[in-house]
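Structural features, examined
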Amino acid sequence: MKEVVLTPKGEPDVPLEAEVICPDEFAGKSEGEIEALKIYEGNSTVELGEYFDVEGDAGDSPGDTRIVIEGDVPWVKLIGYRMSAGEILVKGDVGRHAGAEMKGGKLIVEGDADDWLGREMKGGEITVHGNAGNYVGSTYRGEWRGMSGGRILVKGDAGDEIGEWMSDGKIIVEGDAGIMIGIHMQGGTIIVRGDVGVRPGAQMEGGTVVVCGRAEDILPSFRYEGLKEDPVEEATGTFHLFTGDYANGPKVEGELYLSTALNEVPR
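The structure contained in this document is the topic of the report that follows. All figures in this text were calculated on a predicted structure; none of them were measured in a lab. (Residues numbered from 1 in each chain as written. Predicted model: local features only at pLDDT ≥ 70, side-chain atom pairs only at ≥ 80, totals over all residues. Heavy atoms only, no water.)

**So, the environment of L153**
Selection criterion: Secondary structure counts use DSSP, requiring at least four H or I residues in a row for a helix and at least two E residues in a row for a strand, with both numbered from the N terminus. Categorising residues by exposure relies on relative accessible area from a 1.4 Å probe, with only protein chains included: less than 20% of the type maximum marks a residue as buried, more than 50% marks it as exposed, and the intermediate range marks it as partly exposed. Contact between two residues is taken to exist if any of their heavy atoms lie within 4.5 Å; hydrogens are not considered.
On the secondary structure map, L153 appears in strand β11 (residues 148-154). Overall, the relative accessible area of 11% leaves L153 in the buried class. Beyond its immediate chain neighbours, meaning those up to four positions away, L153 contacts I126, T127, V128, I172 and E174.

Okay, structure coming up:
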């Protein structure tokens with residue numbers, strides 16, 4: 001696998017939209033051709049080389065291309081947008097929409113990720129070693145299709161409404177998560193090893209949400225089904241099982257599991 005190293009030169013006045021930072025865009029290009037790729041700075045277009053030093057040539061295909069970003073780039077949106085193969089390693093923080101609509105390959109973030117990490121993701125793997133913002137694996141404003149495949153691992157905390165309109169794939173949060181995780185969820189799996197805020201699984205119709213810590217509350221439109229051991233492969237132990245959300249009708253198939261160790265037995 002051939003490697004291209006991007007070293008940030010400085011922070012712009014407004015965030016950059018740089019969906020070209022992707023193995024699919026770099027593949028087959030020389031160092032000079034990569035420097036000349038166009039990115040958006042507000043309503044203007046500039047060359048990638050204006051904000052990054054570029055070193056190395058890309059591989060012949062996306063799967064043969066690895067991109068390394070040396071440092072924090074929280075002011076860069078859409079890194080890895082629609083990525084199909086290859087790898088991106090960010091040695092710091094990333095901006096919004098990292099890995100959006102990703103179809104394959106690996107995106108690794110050693111720092112934190114801003115909102116909409118892996119939104120509408122279809123395949124591949126994302127690992128964030130720090131925290132992630134709101135809407136991990138969710139849909140975007142005005143849309144109703146969230147993550148439909150792939151795997152997202154957040155080793156820190158995540159924000160609100162992760163997995164919104166999710167239909168398949170898996171999200172694992174090693175820390176805590178915010179309110180309404182799995183809202184409108186249709187399928188797939190969300191595992192939160194820490195605590196979550198109010199209304200987990202609100203209006204879910206399918207899929208599985210597992211909370212290994214404490215849930216702030218449960219909507220009354222869920223039905224308690226009893227205890228269950230080891231509900232999914234990566235979350236073992238004894239859990240309360242709820243089904244719902246029956247606010248969406250009598251035929252919903254959502255499953256919400258809460259750890260018995262930290263959540264009281266429902267009345």
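**Description of the environment of G71**
Residue position: G71 is located in the loop between β6 (65-69) and β7 (76-77). In this structure, the C-alpha to C-alpha distance between G71 and V90, residues 19 residues apart in sequence, is 6.9 Å. Setting aside its immediate chain neighbours within four residues, G71 contacts V90, K91, G92 and D93.

**Considerations on the side chain of S259**
What counts is decided by this rule: Side-chain atoms alone can form a polar contact between residues adjacent in sequence; in general such a contact is a pair of N or O atoms within 3.5 Å, and within protein one must be able to donate a hydrogen while the other accepts it.
Its place among the elements puts S259 in strand β17 (residues 254-259). On the accessibility criterion, S259 (8% relative accessible area) is buried. Within the structure, S259 has its side chain in polar contact with the backbone nitrogen of A261 (distance 3.2 Å). The residues contacting S259, other than those within four sequence positions of it, are V211, C212, G213, T238, F239 and H240.

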